[in-house]
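# Structural features, examined
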2 protein chains.
Amino acid sequence: MTGTKKIAWADEIALPRGFRASGVAAGLKKDSRKDMALIVSDRPAAVAATFTTNQVQAATVKLCRARLACRTGRGVIVNSGNANACTGAQGLKDAERMAQLTGELAGIPPEQVFVSSTGRIGVQLPMDKIEAGIRAAVPALSAEGGTDASLAIMTTDTRPKRVTARLDVDGKPVILSALAKGSGMIEPNMATMLAYILTDAAVEAGALQSCLSAAVEQSFNRITVDGDRSTNDTVLFFANGAAGNRPLDAAHPDWKTFEHAVRELTLKLALKMVEDGEGVSKVVTVRVLGAKTAQDAEWAARSVANSLLVKTSWAGEYPNWGRVMDALGYSRARVEEDKVDITYDQLPACRGGLYAGTTIDDLKRIVRQKAFTLTIHLNLGAGETVVYTCNCTEEYVRINM
Amino acid sequence: MTGTKKIAWADEIALPRGFRASGVAAGLKKDSRKDMALIVSDRPAAVAATFTTNQVQAATVKLCRARLACRTGRGVIVNSGNANACTGAQGLKDAERMAQLTGELAGIPPEQVFVSSTGRIGVQLPMDKIEAGIRAAVPALSAEGGTDASLAIMTTDTRPKRVTARLDVDGKPVILSALAKGSGMIEPNMATMLAYILTDAAVEAGALQSCLSAAVEQSFNRITVDGDRSTNDTVLFFANGAAGNRPLDAAHPDWKTFEHAVRELTLKLALKMVEDGEGVSKVVTVRVLGAKTAQDAEWAARSVANSLLVKTSWAGEYPNWGRVMDALGYSRARVEEDKVDITYDQLPACRGGLYAGTTIDDLKRIVRQKAFTLTIHLNLGAGETVVYTCNCTEEYVRINM
């Protein structure tokens, strides 16, 4: 683990130099909770991003994709309470208006303002409230405003998700700080995952993107709460260079440390999302080993991690390896029943496709924990992967009814 | 609808001539409910079958697959309470023993006795109870025993599933009668679907199989309760010829009537399974039109029909077309957001990817019904399909915890 000793972690927001943020209540949510967040860099920042792969994409995602071509950004305006998805030409116009007004009021180029929305699908944005929110958010910007921003992006999240890493680059102190919202719901509508990562390190834009893409693949892309992929998922990474280091890229001696920090940071955020998933009381690491191919490992892990029968059995704190076998069997992965080994943490539940003899009480002790690891060895090859999932409870259904 | 006028339907079992059945309690279930069923034909019957496509298959499925090669059968012995799945060589031996003992006691060739199990996975069969059950089931066989048999195959089904069709073939009265169990659970374990169709018509074995396969594709293969495919799913179709008709095949003048009756019968059974799905209070017909290909239609329909967020929204009786759009967007089907039309029964919810303007109250009136149709037009081609699904309630989670 190269460089890990040099990184200090905290579950908080600490805006890196040159960033200001705010969070205000614009009346988009039914109660008076904060629902609009603004983050601004006082100088142009390199920007990297990843977005949902859903074919149906929110207007804000379309706008961000277009903005990303220039690889430079000055900030992002976010609203919760309305997803601005399935809103057509009007939705795009509204997203552009959000950027325009934010830019004008904050004194930054509107084409460098990114936009995110999360909440209900298929309803046009109430632009009067949105505009009033922007007018309130701009003067509220401050170096301490990260906490407010992290609250304003929440929907049914029960707690804000924040992580800060402190490390040195070129001997200069650098901060990586991030805020995110998890798989939450607003109104009877769908989940969205948003994350914003800020750093004062100088990072070459291409390197920033490849670093982010690799980190997202190993973190946000490895979690699942209900298998439903949102129209709005967005991760934005701003690096404004205020730390004064030589721009980081793959050739920089501190690149590995930085890359490691980003990877850890995204994984920490991703796990916070699963932990705070709707109705979730357990986080389960599903590890697949010995798959015929890497793709097979992926298919097998996702089939188990999204099986409603597996997830409800965990809600009942029952170590139901039979349902795991079933989910493996109907996955697209190659599975040979008599080669499958399944363990809960260190205890074998199934060996060669048969009950391994560990007492159910011993297995129950594992499943009763708030977190455990299910390891599946297919014994067919070298493909492996890991996916983070959760139990599915009655509370999940209640929230989403 | 060729021949439909000639078919009389009833929600009951009426064993066709030459069939006897029984259902007994062997102590496999915790209470004293019936848990073993036996069906026997007094003469060799042509047999057709379809089985789960899961790579992990119960011992009984493996045995039935092997038996099917001869296309001739004399009956089936069934137990509920234990799936005999993930039980290895011992499981196969036990399944063979069930056929052997049944054959010996009933005076029929053991290699013509089929075997089914449903219930808990990964636990060896309690063969002492099974053998005692068979010894009780054989003398209990009677022409009126179909009702007992239909009760004995239930697990968490709240009601038995039975359908009988009466029709004429070659001017002779023919009965098609079927019993089935749906997506029920036993112990904290997985769902299985079993169905047995009996007829006294003489049917050429190849024609029987092609007729069954086509019917299953349009019925049992079109329903989904939770997207989890069992290790034990089995449909067995026995045609014993006791009616004395000329054997049916595609060239027979009454073939279309018979084929239609089988198709209708399997669809009726399939819908009974969804209606009685765990925790289910609504049956939803998901119809996809205008997909680029037939495969695309299938992917789109299944993505919507299995989306937990769509199914929980129906539990809340909310016409959430945004979640439908989302599930379409992440399906493997080609989707162009601005071409999608969605209607609930006759009311448009979404036109060209946008809210169609129908009041939410009007849409809610549709979703409040016990059954409704969601029609999705992708407007990209001629691919179409239909899938029958249900809502996902807190009760579903409770049953499966």
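Residues numbered from 1 in each chain as written. Chains lettered and ligands numbered in written order. Predicted model: local features only at pLDDT ≥ 70, side-chain atom pairs only at ≥ 80, totals over all residues.

This part takes up the overall build of chain A. Helix and strand content of chain A: 11 helices and 15 strands. Its C-alpha atoms give chain A a radius of gyration of 22 Å, near enough to 21 Å, the size a compact globule of 401 residues would have. In terms of its C-alpha atoms, chain A occupies a principal-axis envelope of roughly 70 × 50 × 30 Å. The 401 residues of chain A split such that 61% are buried. Residue pairs at least 24 apart in sequence account for 80% of intrachain contacts in chain A once pairs closer than 6 positions are excluded. (Helix = DSSP H or I, 4+ residues; strand = E, 2+ residues; numbered from the N terminus. Rg over C-alpha atoms; globule rule 2.2 N^0.38 Å. Buried ≥ 20, exposed ≤ 12 C-beta atoms within 10 Å, placed from the backbone. Contact = placed C-beta atoms within 7 Å.)

Right, let's get into the domain arrangement of chain A. Often, the extent of an interface is quoted as the loss of accessible area upon association of its parts. Residues and elements named next belong to chain A. When cut into domains, chain A gives domain 1 (4-275) and domain 2 (283-400). Between the C-alpha centres of domain 1 and domain 2 there is a distance of 33 Å. Counting residues at the interface gives 11 residues for domain 1, matched by 10 residues for domain 2. Looking at the side of domain 1 that touches domain 2, its residues break down into six nonpolar, three polar and two charged. (Domains from an automatic or database assignment. Nonpolar A, V, L, I, M, F, W, Y, C, P; charged D, E, K, R; others polar.)

As a further point, take the pairing of strand β15 (residues 383-390) of chain B. Residue and element names in this part refer to chain B. For β15, a buried count of six out of eight residues is recorded, marking the element as mostly surrounded by other parts of the structure. Of the pairings in the sheet, the one linking strand β10 (residues 283-291) to β15 comprises seven bridges and is antiparallel in character. Paired with V286 across the two strands is V387, which belongs to β15. (Pairing = 2+ DSSP bridges.)

Our next topic: the interface of chain A and chain B. Facing the 49 residues of chain A at the interface are 49 residues of chain B. At the level of secondary structure, the elements contributing two or more residues to the side of chain A that touches chain B comprise α8 (308-315), α9 (321-329), β13 (354-355) and α11 (394-400) of chain A. With eight residues, α9 of chain A is the single largest residue contributor to the side of chain A that touches chain B. Along the lines of polarity and charge, the residues of the side of chain A that touches chain B split into 21 nonpolar, 18 polar and 10 charged.

Attention now moves to the packing of helix α5 (residues 205-217) of chain A against helix α6 (residues 255-275) of chain A. Two quantities define a packed helix pair, namely the angle between the axes and the distance from one axis to the other. All names here are of chain A. Two elements in contact, α5 and α6, have axes whose closest approach is 9 Å; the angle formed by their N-to-C orientations is 40°. What the angle tells us is that α5 and α6 run oblique. Between α5 and α6 the crossing geometry is right-handed. Every residue of α6 that contacts α5 at C211, L212, A215 and V216 is listed here: E259, V262, R263 and T266. Taken together, the residues of the contact of α5 with α6 break down into five nonpolar, one polar and two charged. (Axes fitted to C-alpha atoms, helices over the stretch in contact; angles between N-to-C directions. Parallel < 35°, antiparallel > 145°, perpendicular 65-115°, else oblique. Left-handed = near helix turned anticlockwise from the far one by under 90°.)

Our next topic: the packing of helix α8 (residues 308-315) of chain B against helix α9 (residues 321-329) of chain B. All names here are of chain B. At a minimum axis distance of 9 Å, the contact between α8 and α9 shows a crossing angle of 165°. Taken together, the axes of α8 and α9 are roughly antiparallel relative to one another. Judged by the sense of rotation from one axis to the other, the crossing of α8 with α9 is left-handed. Residues L309, V310 and S313 of α8 touch α9, and the partners they reach there are R323, V324 and A327. Grouping the amino acids of the contact of α8 with α9 by side-chain chemistry returns four nonpolar, one polar and one charged.

At an RMSD of 0.0 Å, chain A and chain B line up after a rotation of 180° and a shift of 0.0 Å along the axis. This pairing of chains is accounted for by a two-fold axis. For chain A, the residue whose C-alpha comes nearest the rotation axis is E394 of chain A, separated from it by 2.4 Å. Interface overlap between copies is the fraction of interface residues in one copy that are interface residues in the other; for chain A against chain B it reaches 100%, indicating a shared surface. (Least-squares fit on C-alpha atoms with pLDDT ≥ 70 in both.)

Residue and element names in this part refer to chain B. By secondary structure assignment, the location of D31 is in the loop between β2 (19-24) and β3 (36-51). Classification of D31 as exposed rests on a count of 7 C-beta atoms within 10 Å. For the pair formed by D31 and A243, sequence separation is 212 residues and the distance between their alpha carbons is 40 Å.

Residues with a pLDDT of 70 or more make up 95% of chain A, whose mean pLDDT is 90. No element of chain A has a lower mean pLDDT than α11 of chain A, which averages 81, and none a higher one than helix α3 (residues 127-140) of chain A, which averages 98. (pLDDT = per-residue confidence, 0-100.)

Attention now goes to the sheet that holds strand β14 (residues 371-377) of chain B. Residue and element names in this part refer to chain B. Reading across the sheet, the six strands line up as β13-β12-β11-β14-β10-β15 and stay open at both edges, with mixed pairing between neighbours. Each edge of the open sheet carries a strand with a single partner, namely β13 (354-355) and β15. Relative to β13, strand β12 (residues 347-351) runs antiparallel, the two being bridged by two bridges. Looking at the pairing, C350 lines up with Y355 of β13. Set on the sheet, helix α7 (residues 294-305) makes contact with β10, β14 and β15; between it and β15 the angle comes to about 20°. Each of β11 (341-344), β12 and β14 touches helix α10 (residues 360-367); the most contacted strand, β12, lies at about 115° to it.

Counting 268 residues, the largest nonpolar core has F237 and A300 of chain A together with L38, F237 and A300 of chain B as its most contacted members. Other than its neighbours up to four places away in sequence, A300 of chain B contacts V288, A291, L328, S331, A333, I376 and L378 of chain B. (Core = buried A, V, L, I, M, F, W, Y, C linked by C-beta atoms within 7 Å.)

Next up on the list: the sheet that holds strand β11 (residues 341-344) of chain A. Residue and element names in this part refer to chain A. A sheet is described by the order of its strands in space; here six strands give the open sequence β13-β12-β11-β14-β10-β15, paired in mixed fashion. Two strands lie at the open edges of the sheet, namely β13 and β15 (383-390), each paired on one side alone. Relative to β15, helix α7 (residues 294-305) is tilted by about 20°, and along the sheet it contacts β10 (283-291), β14 (371-377) and β15.

The next subject is α8 of chain A. For α8 of chain A, a buried count of eight out of eight residues is recorded, marking the element as mostly surrounded by other parts of the structure. Every buried residue belonging to α8 of chain A is among L308, L309, V310, K311, T312, S313, W314 and A315 of chain A, and all of these are buried. Buried-residue contacts for α8 of chain A involve β10, α7, α9 and α10 (360-367) of chain A together with α8 and α11 (394-400) of chain B.

Let us look at the pairing of β14 of chain B. Every regular strand shows the same layout, with side chains that alternate between the two sheet faces. Residue and element names in this part refer to chain B. With seven bridges joining them, β10 and β14 adopt parallel strand pairing. When the bridges of β14 are listed, V286 appears paired with L374. Looking at chain direction, β11 and β14 are connected through four bridges and run antiparallel. Counterpart to Y344 in the pairing with β14 is L374.

Our next topic: α3 of chain A. All names here are of chain A. Between its terminal C-alpha atoms α3 stretches 20 Å, which fits the 20 Å expected from 14 residues at 1.5 Å a residue. When we look at burial in α3, the residues that qualify are I130, G133, I134, A137 and V138. Looking down the long axis of α3, one finds its buried residues gathered within 130° of arc, a one-sided arrangement. Opposite the buried face of α3, by more than 90 degrees, sit the exposed residues D128 and P139. Elements in contact with the buried residues of α3: β2 (19-24), β3 (36-51), β4 (72-82) and α2 (88-106). (Expected span 1.5 Å × (residues − 1). Arc of directions from axis to C-beta.)

Moving on, we come to unusual backbone geometry. All names here are of chain B. Of note in this structure, D170 is not a glycine but carries a positive phi near 55°. By the element assignment, D170 lies in the loop between β6 (161-169) and β7 (172-184). The partly exposed category is assigned to D170, around which 16 C-beta atoms lie within 10 Å. Positive phi values are uncommon outside glycine, yet N379 reaches one of about 50°.

Turning our attention to the environment of T231 of chain A. Structurally, the position occupied by T231 of chain A is in the loop between α5 and β9 (234-239). Not counting the four nearest positions on each side in its chain, T231 of chain A is found in contact with T52, N54, V56, Q57, A58, A83, A85 and I121 of chain A together with D326 and G329 of chain B.

As a further point, take the environment of A25 of chain B. Residues and elements named next belong to chain B. Here A25 lies in the loop between β2 and β3. We classify A25 as partly exposed; it has 18 C-beta atoms within 10 Å. Measuring from C-alpha to C-alpha, the distance between A25 and M36 comes to 6.3 Å, with 11 residues separating the pair along the chain.

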